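Structural features, examined
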Amino acid sequence: MNDELDLGDAAEYILGERPTIHPDDVWAVLNELGAPPPKDELALVLLASTHPDLHAATIGAILGEWRAYASLAAEPDWDDD
């Protein structure tokens, strides 16, 4: 697997898990950060300054689902054997 996550696949996963989050919000977070951050604090500060219209709870939900996607993407595929 490539170490770099596909943002399109990540967005699709996040929106599938959290359909009430607006796609523009998901893309704002993904494009701004480029990869899931190890901790939310700095990401929240950055996104608050660059996208003040995003709520912290929405950002947190996106980051949580993005990390879940990254974790799943890192697992070996069961059908690759």
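Residues numbered from 1 in each chain as written. Predicted model: local features only at pLDDT ≥ 70, side-chain atom pairs only at ≥ 80, totals over all residues. Heavy atoms only, no water.

**What to know about the packing of aromatic side chains**
Inclusion rule: Paired rings are identified among Phe, Tyr and Trp, the last through its six-membered ring, by centres lying within 6.5 Å, and are further divided according to the angle between planes into stacked (under 30 degrees), edge-to-face (over 60) and tilted (the rest). Put simply, DSSP H or I for four residues or longer makes a helix, DSSP E for two residues or longer makes a strand, and each gets a number counted from the N terminus.
Per the counting criterion, the structure on display carries one aromatic pair. Geometrically, the ring pair formed by Tyr13 and Tyr69 is tilted, given 5.7 Å between the ring centres and 45 degrees between the ring planes. Here Tyr13 is found in helix H1 (residues 7-17), whereas its partner Tyr69 is found in helix H4 (residues 56-74), with 56 residues between them in sequence.

**Some thoughts on the side chain of Glu65**
Inclusion rule: Contact definition: two residues touch when any of their heavy atoms are within 4.5 Å.
Examined against the element boundaries, Glu65 turns out to sit in helix H4. In this structure Glu65 touches Tyr13, Ile14, Glu17 and Arg18, once residues within four positions along its chain are discounted.

**Overview of the packing of helix H2 (residues 23-33) against helix H3 (residues 40-50)**
Under the convention used in this document: Helix axes are fitted to C-alpha atoms over the stretch in contact, other axes to C-alpha atoms as well, and angles between N-to-C directions run from 0 to 180 degrees. In what follows, roughly perpendicular refers to angles from 65 to 115 degrees, roughly parallel to angles under 35, roughly antiparallel to angles over 145, and oblique to any angle outside these ranges. Crossing handedness follows the turn of the near helix against the far one: under a right angle anticlockwise gives a left-handed crossing, and clockwise gives a right-handed one. Gly is put with the polar residues, along with every residue not named as nonpolar or charged; the nonpolar set is Ala, Val, Leu, Ile, Met, Phe, Trp, Tyr, Cys and Pro, and the charged set is Asp, Glu, Lys and Arg.
As a packed pair, H2 and H3 sit with axes 11 Å apart at the nearest point and diverge in direction by 115 degrees. On the basis of the axis angle, H2 is roughly perpendicular to H3. Crossing geometry of H2 relative to H3 is assigned as right-handed. Together, Ala28, Val29, Glu32 and Leu33 of H2 and Ala43, Leu46, Leu47 and Thr50 of H3 make up the contact between the two elements. When the residues that make up the contact of H2 with H3 are grouped by side-chain class, the tally is six nonpolar, one polar and one charged.

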